[in-house]
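Observations on the three-dimensional arrangement
What follows is each chain in one-letter form.
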Protein chains: 2
Amino acid sequence: MLGTVIHGPRDVRAQDLPEPSVLTPNDAVIRVVAACVCGSDLWPYRGTTPTRAPHGIGHELVGVVEELGGDVTSAKVGDFVIVPFSFGCGECQACLAGYPSACDRVTFYGGQDRDGLPVLGAQSARVRIPFAQSTLVPVPVPLDELEAKGLVPSLLTLSDVMSTGHHAAVSANVGPDTTVVVVGDGAVGLCGVIAAKRLGASRIVIMSRHEDRAALARELGATDVVAERGADGVAAVRELLGGLADCALECVGTDVSMEQALGVVRGGGSVGFVGVPNGGAELPIRQIFGRNLHVGGGMAPARAYIEELLADVLSGAIEPGRVFDLTLPLAEVAEAYAAMDERRATKVLLRP
Amino acid sequence: MLGTVIHGPRDVRAQDLPEPSVLTPNDAVIRVVAACVCGSDLWPYRGTTPTRAPHGIGHELVGVVEELGGDVTSAKVGDFVIVPFSFGCGECQACLAGYPSACDRVTFYGGQDRDGLPVLGAQSARVRIPFAQSTLVPVPVPLDELEAKGLVPSLLTLSDVMSTGHHAAVSANVGPDTTVVVVGDGAVGLCGVIAAKRLGASRIVIMSRHEDRAALARELGATDVVAERGADGVAAVRELLGGLADCALECVGTDVSMEQALGVVRGGGSVGFVGVPNGGAELPIRQIFGRNLHVGGGMAPARAYIEELLADVLSGAIEPGRVFDLTLPLAEVAEAYAAMDERRATKVLLRP
């Protein structure tokens, strides 16, 4: 079967791999219906994160349960399921508190699980999922109906990008009548816009220099677009809102984007950050203290959000699948990466 | 009249100063009934913060309104008032959002206001208070009755230390049935214990190595005491709570205390920090991201909390005045500093 392996910078291959199988009683094997490429997948692709040895890549999928270990009762063979991008044990304190992404035994795609057993990347035809009992989320609608309604892309976003945008908004204390600035116009930022609107924000400013992304952001709920950056960006936000924002969503992960997010919120405001930190700077404690800011975030506890967001996807209230602007067969995964790397696409959906 | 001036390391003097007077329509002159020494006053006292030129010191007082500018209607001459440690304009975005300590024109004791006019330290017989309209909080009980009931020390704590302990707890998302670790057993930490209990915490662990402070902390609401520090402290918390804490209150301001606070909370937990950062470290973004922590805090917006806490002081529900373990006349302010510096006292109340 086909599975995606990264071998080094700009060397991502859909190659023939052995079929996965259930290895523990808490496993599932999922036949992938749709997967996709994440902005964070571009870091090893670009060499920003070194690839020491070839490994499976991709961490977003929806699919059909083909095989289950004996302990798994949360889904049935044949169910169409959403699989969050990280796997939590479901039993530790962080999992029980609703933060499976901070699980004591948190496990990811593309390496080994906590028993040392292999886990493929999600950009594959089939994947073994560990901690399946606490991970799988069945969708209570038949797959053919979901496909007919075009809902599969939106459901796929719940595995990561929409849950991550939602986490940024929740971590930034977005609520009714708050003013929000979204830093980042990638797929996560666009989902942050959707989340902020869904949570009742009165003004949603997206910082974007790409006309197409800004236009999509407006369709998804952004009320304003700011193209300026740095101090000019802060001034533009201040002008638009008649002051600074209550909340900022940091959806990039660079030092500059965090500085921007901290700069656009008022004293006592909140920054939710979900961009995986890939700069060298720490969080400036004196600035945060002096301006009484709140900062929170991290890897989204997607599993904990999926049911809530799923209801809104199924009802059509939100359409996060619109962040995909290119669909390719899994066999063309190398082109998917290239298209995102070269900014020819915001986010690419893959069909095995 | 007597007022306290710091001249340099370990050189704090109660000296004769000119009487202050109303200089703008938004001023008040307060006759000080009680003031006190803050842990943060010890930094210039110890030379940790340099004193470039002599200036007034002290930022906590309660007193009687003696004179008012023409624009001040929030208090009357003769009122007994609580004065928060920072003065906010009451009009800017941060003030209106409930964060006067992050006011665009935030003004402090012991220097100059935004008009360049002098402000004495609070450890004085009388002080001119700028931004009086948005700063003064009258207490609706006659002073003689408050003195008879021994409530003046507790009311004095609302000017800073109790409001600050409350801010730590609020910033750490303390609520009903949360488990809390308080890092720091000084007056702020002890007030953090009171605040955590008041907000409904089910377990309150104070990290303390001082038997007397630990004993007082237990009387104020701490359920457990941990003497260990660092990894041993984390292990002790884990043992006591059967896991890590939901919330930590960082009430010291050193790199080590922040590291401790971040270490004792579970994945997805919250740290409220009110210790003025006086170490060299920034906040570790990767640790916060990886464990999905929330961090918030800063200088307490005391003005915004005082009414709420005042009701509980007047009812006797909380007794934050118990953090004072020494009372001296203002003339002996040098001894007050020495007693706190040498840890002979936790917090010293001064009577002009």
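Here the structure is a predicted model, which is why all the values come from computation and not from measurement. (Residues numbered from 1 in each chain as written. Chains lettered and ligands numbered in written order. Predicted model: local features only at pLDDT ≥ 70, side-chain atom pairs only at ≥ 80, totals over all residues. Heavy atoms only, no water.)

This part covers the overall build of chain A. Scanning chain A from terminus to terminus reveals 13 helices and 20 strands. Here the C-alpha atoms of chain A give a radius of gyration of 20 Å, agreeing with the 20 Å that 2.2 N^0.38 yields for 352 residues. Principal-axis analysis of the C-alpha atoms gives chain A an extent of 55 × 40 × 40 Å. Within chain A, the fraction of its 352 residues that count as buried is 60%. Taking contacts inside chain A between residues at least 6 apart in sequence as the whole, the part at least 24 apart equals 67%. Charged side chains in chain A number 28 positive and 41 negative. The centres of these two groups are separated by 4 Å. (Helix = DSSP H or I, 4+ residues; strand = E, 2+ residues; numbered from the N terminus. Rg over C-alpha atoms; globule rule 2.2 N^0.38 Å. Buried < 20%, exposed > 50% of the residue type's maximum accessible area, 1.4 Å probe, protein only. Contact = heavy atoms within 4.5 Å. Lys, Arg positive; Asp, Glu negative; His and termini not counted. Charge placed at Lys NZ, Arg CZ, Asp CG, Glu CD.)

Turning to the relation of the copies chain A and chain B, a few remarks are in order. Relating one copy of the chain to the other requires a rotation about an axis plus a shift along that axis. Mapping chain A onto chain B calls for a rotation angle of 180° and an axial translation of 0.0 Å; the resulting RMSD is 0.0 Å. When the rotation and shift are considered jointly, the pair of chain copies conforms to a two-fold rotation axis. When you check the interface residues of chain A against chain B, 100% turn up at the interface there too, and the contact is symmetric in its surfaces. (Least-squares fit on C-alpha atoms with pLDDT ≥ 70 in both.)

This chain's UniProt record puts "domain: Alcohol dehydrogenase-like N-terminal" (unreviewed entry) on residues 25-139 of chain A. Structurally, residues 25-139 of chain A is divided into 11% helix and 32% strand, and its ends, taken at the C-alpha atoms, are 22 Å apart. (UniProt positions renumbered as here; feature names shortened; annotations may be inferred.)

Inspection of every chain in the model, using the stated rule, returns 6 aromatic pairs over all chains. On the numbers, 5.8 Å between centres and 50° between planes, the contact of A:F289 with B:F273 is tilted. Separated into two different chains, A:F289 in helix 11 (residues 285-290) and B:F273 in strand 17 (residues 265-273) make up a pair that spans both. Each member of the pair, A:F289 as well as B:F273, is classed as buried. Relative to B:Y109, the ring of B:F87 has its centre 4.8 Å away and its plane inclined at 65°; by these criteria the two rings are edge-to-face. (Phe/Tyr/Trp six-rings, centres within 6.5 Å; stacked < 30°, edge-to-face > 60°.)

Looking now at the domain arrangement of chain A. All names here are of chain A. Assigned domains of chain A: these are domain 1 (2-160 + 301-351) and domain 2 (164-297). Of note, the centres of domain 1 and domain 2, computed from C-alpha atoms alone, are 27 Å apart. For the pairing of domain 1 and domain 2, the buried interface totals around 1,600 Å² over both sides, and the portion due to carbon and sulfur atoms is 60%. Between domain 1 and domain 2 we count 3 salt bridges in total. E219 is paired through a salt bridge with R322; the nearest N and O atoms lie 2.4 Å apart. On the surface where domain 1 and domain 2 come into contact, there are 6 residue pairs in polar contact (both at pLDDT 80 or more). Considering only residue class, the side of domain 1 that touches domain 2 consists of 10 nonpolar, 1 polar and 7 charged. (Domains from an automatic or database assignment. Buried area = accessible area lost by both parts, 1.4 Å probe. Salt bridge = Lys/Arg side-chain N within 4 Å of Asp/Glu carboxyl O. Polar contact = N/O pair within 3.5 Å; in protein donor to acceptor, adjacent residues only side chain to side chain. Nonpolar A, V, L, I, M, F, W, Y, C, P; charged D, E, K, R; others polar.)

Residues and elements named next belong to chain B. Where helix 6 (residues 161-171) meets helix 7 (residues 187-198), the closest approach of the two axes is 7 Å, and the angle between their N-to-C directions is 55°. Overall, the two elements helix 6 and helix 7 adopt an arrangement that is oblique. As helix 6 packs across helix 7, the resulting crossing turns out to be right-handed. Listed contacts from helix 7 to V161, M162, T164, G165, H166 and A169 of helix 6 are A187, V188, C191, G192, I194, A195, A196 and R198. Tallied by class, the residues present in the contact of helix 6 with helix 7 amount to 9 nonpolar, 4 polar and 1 charged. (Axes fitted to C-alpha atoms, helices over the stretch in contact; angles between N-to-C directions. Parallel < 35°, antiparallel > 145°, perpendicular 65-115°, else oblique. Left-handed = near helix turned anticlockwise from the far one by under 90°.)

Let us now look at the environment of A:V225. Residue and element names in this part refer to chain A. Turning to its location among the elements, V225 is positioned in strand 15 (residues 224-226). Given a relative accessible area of 25%, V225 falls into the partly exposed group. Residues V225 and E60 lie 165 residues apart in sequence; the distance between their C-alpha atoms is 29 Å. Discounting chain neighbours no more than four positions away, the residues touching V225 are I206, S208, A214 and R218.

All names here are of chain B. Sheet architecture is open: 3 strands sit in the order 2-1-4, paired in antiparallel fashion. Whereas interior strands pair on both sides, the edge strands pair on one side only; in this sheet they are strand 2 (11-16) and strand 4 (55-56). With respect to the sheet, helix 13 (residues 333-341) is in contact with strand 1 (2-8) and strand 2, its orientation differing from that of strand 2 by roughly 160°. (Pairing = 2+ DSSP bridges.)

Taken together, the 42 residues of chain A in the interface contact 42 residues of chain B. Overall, the association of chain A and chain B removes approximately 3,200 Å² of surface from exposure, summing both partners, and the carbon and sulfur fraction of that is 57%. For chain A, the biggest contributors to the area lost against chain B are A:I285, A:F289 and A:N292; these three give 23% of the whole. On the surface where chain A and chain B come into contact, there are 0 salt bridges. When contributions to the side of chain A that touches chain B are tallied by element, the ones reaching two or more residues are helix 2 (93-96), helix 6 (161-171), strand 17 (265-273), helix 11 and strand 18 (294-297) of chain A. Broken down by element, the residue count for the side of chain A that touches chain B peaks at 5 residues, all from helix 11 of chain A. The residue inventory of the side of chain A that touches chain B, partitioned by class, reads 21 nonpolar, 17 polar and 4 charged. Note that strand 18 of chain A and strand 18 (residues 294-297) of chain B share 3 bridges and pair antiparallel. Residue pairing in the sheet places A:V295 in a bridge with B:V295 of strand 18 of chain B.

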